[in-house]
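Commentary on secondary and tertiary structure
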Amino acid sequence: MANHDGEARAVDRYTLSDLPGMKFYQYVYSTLPVVFTLPFPANEDENESSEAVSEDQQKRWNQLRRNLRNASFDHRSHRELCMTEEGCSMKYADVCYSESCRKAGHISPGFLAPVFEFPGPLPKTYFMGPGVFTGFEGHKFGAANHIDSLCQGQVSIQYEGTKKWTLWSPSGWEVPEIQDHFASASNTTMITAHTRFETILRAGEVLFFAPGWLHETEILEGSSLSATYSFSNPPVGGGLAKDHHANSPYGYDNCAQGPDGWTAANGLWRKIIEDFDLSPDTPGGALFIERGVPRRATINKKRKKKKRKSRAKKKSRSSSASVKSAQ
């Protein structure tokens, strides 16, 4: 049931260690947003965090924040934007897509392990971007209820400050619930369009959101520094209805087409099911079976049949060659 104007649903939250890759698969497959907390102190002068973190990881986190802070400062200075909150009349946060900002915010998938630690058969994940967002208390970014034109899933890392996110489920298609949908293939609960979700991101927290989700942000206190990255794998929306994008008013047909489009990319989910031998009794298995993804036994039968045909063809060609040589 949609809650356009009523109480918003809270976005699910996890610590980094409680959200391994297979669990994260479920959110990417459904496209429901999710927040996870990185094991770093909120401020550079703090030495303790809620989870174990190596000295190298802590240095990397602090260096990322310094690099992003400097790159965004240079960007704002060049554009003659507000450098401090005092006397700033701007209403919107600023975003930097320059090469210096992209280099400053570059991360590898290992930085978000174990969330982005995916065993085969998925191709290696890599991050694109980021766009670096800066602003002060009360600042928003973009129009209310806007969507991003990207075809990939995205993660927004809050490096400094506090930001409120409001998200609405897509126009034109429904999204499967995770709890109900993964529990039973015959009992699927769908989230209707424009259902509202809310969450507050603090320093050291990460939000995943999918294409087609409308959203808006507002900085709640002090200054804010965040960066949003798109990622290549796993492909988003494997649990959505076939050709779901056809009903969108925002024209996502281009995202579905081509060798790297949604339609082709969702073939990776079949490989995931095969590799992990998912069934109706495993987390997510009911969902995959319901969508018509073949089970391992079926796949193995097809493989054996294909091998038998291949051997038969080779034997036939070999026999024909022998007859010809004898003639």
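The shown structure was predicted, so the numbers you read here are calculated from the model rather than taken from an experiment.

Another aspect to go through is the nonpolar core. Soluble globular proteins: nonpolar side chains tend toward being buried together. Residues Leu38, Leu112, Ile157, Tyr159 and Phe208 are the most contacted members of the largest nonpolar core, which totals 53 residues. Broken down by element, this core gets its largest block of residues, 5 residues, from strand 6 (residues 153–168). If near-sequence neighbours (up to four positions away) are discounted, Tyr159 is found in contact with Trp61, Leu64, Arg65, Leu68, Ile107, Ala203, Leu225, Ser226, Ala227 and Tyr229.

Enumeration according to the criterion identifies 2 disulfides in this entry. Between Cys96 and Cys101 runs a disulfide, and the two sulfur atoms are separated by 2.1 Å. Classification of the bridge connecting Cys96 and Cys101 rests on its S-S torsion, roughly 105°, and on that basis the disulfide is right-handed. On the accessibility criterion, Cys96 (1% relative accessible area) is buried. Sulfur-sulfur distance for the disulfide between Cys151 and Cys255 comes to 2.0 Å. Given an S-S torsion of about -75°, the disulfide between Cys151 and Cys255 has left-handed geometry. Residue Cys151 is located in the loop between strand 5 (127–136) and strand 6, and its partner Cys255 is located in helix 5 (residues 253–256); the two are separated by 104 residues in the primary sequence.

Relative to the elements of secondary structure, Lys163 occurs in strand 6. Buried and without a salt bridge, Lys163 has Asp148 as its closest oppositely charged side chain, separated by 11 Å. Within the local environment of Lys163, its side chain forms a polar contact with the side chain of Ser226, the two groups lying 2.8 Å apart. Beyond its immediate chain neighbours, meaning those up to four positions away, Lys163 contacts Phe133, Gln158, Thr199, Ile200, Leu201, Thr217, Glu218, Ile219, Leu220, Ser224 and Ser226.

Of the residues in the chain, 72% have a pLDDT of 70 or more, and the chain-wide mean is 78. A low-confidence stretch, residues 180–186 (pLDDT under 50), is modelled with 20 contacts involving residues beyond four sequence positions or located in other chains. Across residues 279–299 the pLDDT falls below 50, and counting only partners more than four positions away or on other chains, this stretch makes 47 contacts in the model.

Conventions we followed
- Residues numbered from 1 in each chain as written.
- Predicted model: local features only at pLDDT ≥ 70, side-chain atom pairs only at ≥ 80, totals over all residues.
- Heavy atoms only, no water.
- Core = buried A, V, L, I, M, F, W, Y, C linked by side-chain atoms within 4.5 Å.
- Buried < 20%, exposed > 50% of the residue type's maximum accessible area, 1.4 Å probe, protein only.
- Helix = DSSP H or I, 4+ residues; strand = E, 2+ residues; numbered from the N terminus.
- Contact = heavy atoms within 4.5 Å.
- Disulfide = S-S within 2.5 Å.
- Lys, Arg positive; Asp, Glu negative; His and termini not counted.
- Salt bridge = Lys/Arg side-chain N within 4 Å of Asp/Glu carboxyl O.
- Polar contact = N/O pair within 3.5 Å; in protein donor to acceptor, adjacent residues only side chain to side chain.
- pLDDT = per-residue confidence, 0-100.

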